[in-house]
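One-letter residues, chain by chain:
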Amino acid sequence: MASSKCFLKNCTSLGIITRTHLSVHQRHHTTFLCSAKTCSWGIGARHYASRVIVREPLSRILLRELRHRFSKPKMKTPPYDHVCQVGDPILRGQSSPVDPRQIKSAEIQNVIRMMTKVMRRAGAVGCAAPQVGVAKQIVVMELTEKHLERFEPEVLKAREVALFPLTVFINPHMKVTDPRVVTLLEGCLSISGYDACVPRYYGVELTGDDHSEFAPIE
């Protein structure tokens with residue numbers, strides 16, 4: 001009982017309940033007077049005006065309240081460190097262009113860094129901002145020697161694969177330079193675990209704003 005009183009004293013000092021509102025403390029039946037300002041418990045309790053009858057030990061209730069107050073999980077906000085999967089509304093929405101004056105801002109640079117981190121961790125060759133929860137027109141791409149190690153030389157030759165360094169396109173625009181269609185097997189980070197034969201134009205030109213300088217890159 002001494003330990004229970006000590007625990008109760010510590011909890012009242014934290015503002016969870018106040019001594020003036022505590023009337024009775026028993027092992028399996030606790031009754032205390034409270035106001036809406038000082039008592040927020042409702043689970044397992046019956047309310048009679050300003051009186052609450054709780055059908056469980058007070059120590060258990062106080063522990064639950066402490067966990068609720070001081071152990072709240074941190075909610076992640078975009079840009080995420082994971083890839084949004086099919087079904088997420090942001091993948092169906094329309095992304096907005098980035099104001100050129102904001103390209104060098106900490107916010108946009110952080111989005112680019114997170115996109116690059118997610119892309120490299122997944123072993124992918126590209127990532128778009130909506131895939132990390134940001135509805136902005138930003139794309140990062142990279143094809144390295146490590147990517148090529150996963151394919152046979154014959155496959156690389158047939159696909160005419162060429163290495164390219166990390167490239168960031170902001171407000172990208174695509175122009176078809178060769179309308180012939182080539183269908184190849186490929187996957188998508190947002191449809192994890194699935195591959196499909198996807199038709200693509202044989203030649204395109206992609207332009208956009210550089211994330212480090214304002215000159216266009218191709």
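Quick note: structure is the one above.
These numbers come from a predicted model, not from an experiment. (Residues numbered from 1 in each chain as written. Predicted model: local features only at pLDDT ≥ 70, side-chain atom pairs only at ≥ 80, totals over all residues. Heavy atoms only, no water.)

Chemist: Sorry if this is basic, but what is going on with the layout of surface pockets here?
Modeler: It is a probe the size of a water molecule, rolled over the atoms, that shows where empty space is left. The computed volume of the largest pocket comes to approximately 2400 Å³. If you list the elements that add at least two residues to the lining of the largest pocket, you get β5 (126-128), β6 (138-143), α5 (153-159), β7 (164-187) and β8 (195-209). Looking at the lining of the largest pocket, the element that brings in the most residues is β7, giving 11 residues. Grouping the amino acids of the lining of the largest pocket by side-chain chemistry returns 30 nonpolar, 10 polar and seven charged. (1 Å grid on protein atoms, 1.4 Å probe; cavity = no way out; pocket = protein on both sides within 12 Å on 5 of 7 lines; lining within 4 Å. Points joined across faces, edges and corners; volume = space filled by probe spheres on them. Helix = DSSP H or I, 4+ residues; strand = E, 2+ residues; numbered from the N terminus. Nonpolar A, V, L, I, M, F, W, Y, C, P; charged D, E, K, R; others polar.)

Chemist: Would you mind going over the environment of Ile-170 with me for this structure?
Modeler: With respect to the secondary-structure elements, Ile-170 resides in strand β7. When the C-alpha atoms of Ile-170 and Pro-97 are compared, they prove to be 7.9 Å apart, with 73 residues separating the residues in sequence.

Chemist: It is not clear to me how helix α3 (residues 106-122) should be interpreted in this structure. Could you clarify?
Modeler: Note on helix geometry: an α-helix contains 3.6 residues per turn, so any two residues three or four positions apart are oriented the same way. Here α3 is 17 residues long and its end C-alpha atoms lie 24 Å apart, about the 24 Å a rise of 1.5 Å per residue gives. Along α3, the positions that sit buried rather than exposed are Ile-108, Gln-109, Val-111, Ile-112, Met-114, Met-115, Thr-116, Val-118 and Met-119. Buried residues along α3 sit in contact with β5, β6 and β7. Phi for Gly-123, located one or two positions after α3, is positive at around 70 degrees. (Expected span 1.5 Å × (residues − 1). Buried < 20%, exposed > 50% of the residue type's maximum accessible area, 1.4 Å probe, protein only. Contact = heavy atoms within 4.5 Å.)

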